[in-house]
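Residue strings, one per chain:
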Amino acid sequence: MKKGKKMKKTLSVLFLMGVCFGANLADIQKDKVIKIGVRMDQTPFSAMKNGSFEGFEVELAKAVAKKIAGNDVKIELIGVNAKDRVPFLQDGRADIMFANMTVTPERMKSVDFSMPYLSSVQSLISKKGSNIKKISDLRDCKTLVIPGTTSFDYVKAHPQLGIKDVECENSKDCFKKFQDGEADAYLHTNILNATWTLMDGSLEVSLPVVGEYEFIAVAVAKDNKELLKAVNDALMSLSSEGEFQKLYRDILEPYYRGKIEKKYLLLDDVYNSLSL
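Residues numbered from 1 in each chain as written. Predicted model: local features only at pLDDT ≥ 70, side-chain atom pairs only at ≥ 80, totals over all residues. Heavy atoms only, no water.

1. A look at the environment of Phe 56
If you trace the backbone, Phe 56 turns up in helix 3 (residues 56-69). Taking the C-alpha atoms as reference points, Phe 56 and Ile 146, separated by 90 residues in sequence, lie 21 Å from one another. (Helix = DSSP H or I, 4+ residues; strand = E, 2+ residues; numbered from the N terminus.)

2. A closer look at the sheet that holds strand 8 (residues 142-145)
Taken in spatial order, the eight strands make up an open sheet running 5-1-6-11-7-10-8-9, and their pairing is mixed. Looking at which strands have only one partner, the edges of the open sheet turn out to be strand 5 (74-80) and strand 9 (164-167). Going from strand to strand, the sheet's axes swing by 25° on average, the running direction of each strand aside. With five bridges connecting them, strand 7 (residues 111-127) and strand 10 (residues 185-189) associate as antiparallel partners. Across the sheet, residue Gln 122 finds its bridge partner in strand 10, namely Thr 189. Sheet strands touched by helix 3: strand 1 (33-39), strand 5, strand 6 (96-102), strand 7 and strand 11 (203-221). Its angle to strand 6, the strand with the most contacts, is close to 140°. Sitting on the sheet, helix 8 (residues 225-240) is in contact with strand 6, strand 7 and strand 11, with an inclination near 70° to strand 7. (Pairing = 2+ DSSP bridges. Axes fitted to C-alpha atoms, helices over the stretch in contact; angles between N-to-C directions. Contact = heavy atoms within 4.5 Å.)

3. Quick notes on the nonpolar core
Of all hydrophobic cores here, the largest spans 48 residues; its most connected members are Phe 98, Tyr 117, Ile 191 and Leu 265. Top contributing element to this core by residue count: helix 3, with nine residues. Formed by 14 residues, the second largest nonpolar core is a distinct cluster that contains Leu 124, Ile 132, Phe 152 and Leu 161. (Core = buried A, V, L, I, M, F, W, Y, C linked by side-chain atoms within 4.5 Å. Buried < 20%, exposed > 50% of the residue type's maximum accessible area, 1.4 Å probe, protein only.)

4. Looking at the packing of aromatic side chains
Enumeration according to the criterion identifies eight aromatic pairs in this entry. With centroids separated by 5.3 Å and ring planes inclined at 40°, the aromatic side chains of Phe 98 and Tyr 117 adopt a geometry described as tilted. One end of the pair, Phe 98, is in strand 6; the other, Tyr 117, is in strand 7, with 19 residues separating them in the sequence. Taken individually, Phe 98 and Tyr 117 each receive the classification buried, so the pair is uniform in this respect. On the numbers, 6.1 Å between centres and 15° between planes, the contact of Tyr 213 with Tyr 264 is stacked. Within this pair, whereas Tyr 213 is found in strand 11, its partner Tyr 264 is found in helix 10 (residues 262-265), the two being separated by 51 residues in sequence. With relative accessibility at 6%, the residue Tyr 264 sits in the buried group. Through successive ring pairs, a cluster of aromatic residues spans Phe 45, Phe 56, Tyr 255 and Tyr 256. (Phe/Tyr/Trp six-rings, centres within 6.5 Å; stacked < 30°, edge-to-face > 60°.)

5. A word on the pairing of strand 9
Relative to strand 9, strand 8 runs parallel, the two being bridged by four bridges. Within strand 9, the residue paired with Lys 142 across the bridge is Lys 164. Taking the sense of rotation as the criterion, the β-α-β connection linking strand 8, helix 5 (residues 150-157) and strand 9 turns out right-handed. (Right-handed = clockwise from strand over helix to strand, strands pointing away.)

6. Considerations on the pattern of salt bridges
Tallied over the entire structure, the rule returns 16 salt bridges. The salt bridge involving Lys 156 is made with Asp 165; its shortest N-O contact spans 3.2 Å. (Salt bridge = Lys/Arg side-chain N within 4 Å of Asp/Glu carboxyl O.)

7. A few points about the environment of Pro 254
Looking at the element boundaries, Pro 254 is found in helix 9 (residues 243-256). C-alpha of Pro 254 to C-alpha of Asp 184: the two residues are 70 residues apart in sequence and 30 Å apart in space. Setting aside anything within four residues of it in sequence, one finds Pro 254 in contact with Tyr 248 and Arg 249.

8. As for the packing of helix 3 against helix 8
As a packed pair, helix 3 and helix 8 sit with axes 9 Å apart at the nearest point and diverge in direction by 115°. The angle between helix 3 and helix 8 places the two elements in the roughly perpendicular class. Crossing handedness for the pair helix 3 and helix 8: right-handed. Across from Leu 60, Ala 63, Val 64, Lys 67 and Ile 68 in helix 3, the residues of helix 8 making contact are Leu 227, Ala 230, Val 231, Ala 234, Leu 235, Ser 237 and Leu 238. Residue classes in the contact of helix 3 with helix 8 are distributed as 10 nonpolar, one polar and one charged. (Parallel < 35°, antiparallel > 145°, perpendicular 65-115°, else oblique. Left-handed = near helix turned anticlockwise from the far one by under 90°. Nonpolar A, V, L, I, M, F, W, Y, C, P; charged D, E, K, R; others polar.)

In structure tokens, the structure reads:
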């Protein structure tokens, strides 16, 4: 290949790579556009209804975006499944991810996380009377898990438990497969599993705590430090203004009706301790 053609090809590749990278803070504030990844079917946090996204994370994401780039910023909400979250940040299809994303050491190698805005723990859903009382009772049980989630990681990290994992795409797909008899149980976070017991009275949380407690945070592309700082500053500001309390009262409290302890859904104490 001639030198000129080779250089042209290299520049073209670099240009395409640049296009794919997520926007930095200066670009977002200049262009007044921010791309935010949200889950497509995770009521009450984010779900597509009547052609638009709604839920706790959606409203919090919009509030953060306005803190970062002003009230006139154009907010592009992009629907993602669990396995999409890291790739979308890495290739620039999203600038920030408000998508029920648990902070883990493995994910921290690929993306950077903000301060947490929710906490959770893995729990297990099964039919009432299934007699699942401890984690060892899951041996040879077909258990639904979503690839790209900490539930999936937990099953893969504990092969000695003998859990037969059944993969599903998202919460809606998992629920359908469970109803169709394709699995005996469903492993996911407690704040999402509570939805199943609200929808179907024949189900119960048979194991309320599986593994360690976890935190959920905003994710940005690795080393996008200025944008990460802006997100953290926005979260701190919104907490001090009472936005978390408002969203809890308006969305989460009436939805869960006491099924999930407030400590998982409202982390104001964490923010208050950091502002001292």
